[in-house]
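Residues per chain, in single letters:
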Amino acid sequence: MDREQDDETVPIAELLDERRRLLNVAYWMLGRSREADDVVAEAYRRWYGLSDDHRTRIAEPRSWLVETVGGICLERLAPTGRSHPGPVGAAPSHDLDEEVSQALLDALDTLAPAERAAFVLNDVFGMAPGTVAAIVGQTEQECGELAARGRHSLRTRWAHPTTPQQHDRVVRAVRRACVAERPEHLRSLLAPDATVFFDGGGKVRTLTRPVHGARRVTRSLLTLLAGRPGTTLHCQSVNGRTGIVVRYGDEVAAVISLDVAGDHVVQIWAVLNPDKLRHWNRAATQEK
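My aim in this report is to walk through the structure given alongside it, one point at a time. (Residues numbered from 1 in each chain as written. Predicted model: local features only at pLDDT ≥ 70, side-chain atom pairs only at ≥ 80, totals over all residues. Heavy atoms only, no water.)

Some words on the overall build of the protein
Selection rule: Helix numbers and strand numbers start at the N terminus; a helix is a DSSP run of H or I with at least 4 residues, a strand a run of E with at least 2. To sort residues, take the accessible area from a 1.4 Å probe on protein chains only and compare it with the maximum for the residue type: under 20% means buried, over 50% means exposed, and anything in between is partly exposed. Contacts between residues were defined by any pair of non-hydrogen atoms, one from each residue, lying within 4.5 Å. To measure how exposed things are, a 1.4 Å probe is used in the Shrake-Rupley method; for residues, cover is taken only from the protein chains shown.
Looking only at helices and strands, the protein has 13 helices and six strands in total. In the protein, buried positions account for 44% of the 288 residues. Considering only contacts in the protein between residues 6 or more positions apart, those separated by 24 or more positions represent 63%. For the protein, the exposed surface amounts to about 15,000 Å²; the carbon and sulfur share of it is 51%.

Looking at the side chain of Gln 267
Note the threshold: Polar contacts, as counted here, are pairs of nitrogen or oxygen atoms within 3.5 Å of one another; within protein the pair requires one atom able to donate a hydrogen and one able to accept it, and residues that are adjacent in sequence qualify only if both atoms are side-chain atoms.
Within the secondary structure layout, Gln 267 lies in strand S6 (residues 264-271). A relative accessible area of 2% places Gln 267 in the buried class. A polar contact is formed between the side chain of Gln 267 and the side chain of Glu 115, at a distance of 3.0 Å.

Remarks on the pattern of salt bridges
Let me state the cut-off plainly: Any Lys or Arg side-chain nitrogen located within 4 Å of an Asp or Glu carboxyl oxygen qualifies as a salt bridge.
This model, assessed by the stated rule, comprises 14 salt bridges. Of the charged contacts in the structure, one is a salt bridge between Arg 19 and Asp 37, with a shortest N-O distance of 2.6 Å. One end of the pair, Arg 19, is in helix H2 (residues 12-30); the other, Asp 37, is in helix H3 (residues 33-49), with 18 residues separating them in the sequence. Since its relative accessible area comes to 32%, Asp 37 is described here as partly exposed. A salt bridge links Asp 123 to Arg 151; the nearest nitrogen and oxygen atoms lie 2.6 Å apart. Taken together, the residues span a long stretch of sequence, with Asp 123 in helix H7 (residues 113-124) and Arg 151 in helix H9 (residues 140-159) at a distance of 28 residues. A relative accessible area of 33% means that Asp 123 is categorised as partly exposed. Several salt bridges share partner residues, and in doing so they unite Glu 42, Arg 45, Arg 46 and Glu 75 into one network.

Topic: the pairing of strand S3 (residues 231-238)
In plain terms, the rule: Two strands pair under a simple rule: DSSP has to find at least two bridges between them.
Note that S3 and strand S4 (residues 241-248) share eight bridges and pair antiparallel. Considered in S4, the bridge of Cys 235 is made with Ile 244. Where S3 folds back on S4, the antiparallel hairpin that results is connected by two residues, among which Asn 239 adopts a positive phi of roughly 55°.

Examining helix H10 (residues 164-180)
Selection rule: A helix is expected to reach a length of 1.5 Å times the quantity of its residues less one. This arc is taken over the directions from the axis of the helix to the C-beta atoms.
For H10, with 17 residues, the first-to-last C-alpha span of 24 Å sits near the 24 Å given by 1.5 Å per residue. His 167, Val 170, Val 171, Ala 173, Val 174, Ala 177 and Cys 178 are the residues of H10 that are buried. Along the long axis of H10, the arc covered by the buried residues comes to 160°, so they all point the same way. Facing away from the buried surface of H10 by more than 90 degrees, the exposed residues are Pro 164 and Gln 165. If you follow the buried residues of H10, they end up packed against helix H11 (183-188), helix H12 (214-224), S3, S4, strand S5 (251-261) and S6. Within two residues after H10, Glu 181 carries a phi angle of roughly 55°, on the positive side.

Describing the packing of aromatic side chains
Defined as follows: Each aromatic pair joins two rings of Phe, Tyr and Trp (for Trp, the six-membered one) with centres within 6.5 Å, and gets the label stacked for planes under 30 degrees apart, edge-to-face for over 60, and tilted for any other angle.
Summed over all chains, the structure comprises three aromatic pairs. Aromatic side chains Tyr 27 and Trp 28 sit 5.9 Å apart centroid to centroid with 75° between the ring planes, which places their arrangement in the edge-to-face category. Side by side, Tyr 27 and Trp 28 carry an identical accessibility label, which is buried. Ring geometry for Phe 197 and Trp 269: centres 6.0 Å apart, planes at 15°, overall stacked. Here Trp 269 lies in strand S6 and Phe 197 lies in strand S1 (residues 190-199), a separation of 72 residues in the sequence. Residues Phe 197 and Trp 269 agree in their burial class; the two are buried.

So, in structure tokens, the structure goes:
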């Protein structure tokens with residue numbers, strides 16, 4: 001074995017510990033053990049895809065792998081492709097009671113991708129603020145705010161559980177308020193601290209930062225969904241729950257997911273990125 005190979009030799013215990021940690025990070029970010037395994041495998045593929053010189057310049061390979069796993073998970077947590085909880089096969093080992101951990105995974109699936117990442121990396125794994133910021137791609141202060149909002153959202157949902165029937169009823173009421181352009185009615189359906197996230201992917205002109213507060217969310221949504229000829233809103237299943245699909249003519253122009261706590265909407269994701277709407281438009285074409 002030559003010198004370069006000797007330098008890359010790592011004790012087997014360290015290798016196993018490293019893999020377990022990466023699996024745990026991916027599992028808690030995505031909620032499915034099979035996807036977690038795929039993400040870790042992809043992270044290792046990227047590691048070995050680096051040149052030898054590049055790898056030797058990475059002082060902390062484990063940190064690089066954690067950041068890579070986090071980045072891949074964030075890509076998979078894009079609003080129209082968000083993972084649903086419920087482990088497939090054996091879940092990675094963790095310290096929380098199984099029933100409690102599943103409840104937490106269910107709740108985590110309601111968070112925006114960046115919120116989920118910041119909360120998991122900060123609160124579940126206790127990673128350093130700089131590491132969390134590097135993975136999420138925002139400043140340490142912004143990540144702290146994201147984690148805090150995630151905590152608040154989780155507390156709200158545990159305090160005000162919502163049945164699928166309640167969720168469907170509230171979403172349909174939101175659609176009616178938007179179609180009728182009734183701001184007071186729409187605002188009454190929103191939690192006071194409701195938040196809306198717009199995902200344009202840089203492909204359409206839209207707000208790049210979340211909008212907070214029922215009044216501002218109402219204004220933003222009604223502006224986005226202004227009733228111009230050819231614009232229609234339909235309630236359809238979005239990621240397994242009732243959502244709103246917006247069409248302009250025959251084209252799907254936006255897919256809106258809503259998180260409901262009790263009788264109020266607490267968070268909204270409006271996906272306008274054409275790349276993420278391709279499968280919706282393909283499906284619409286096939287149905288004709």
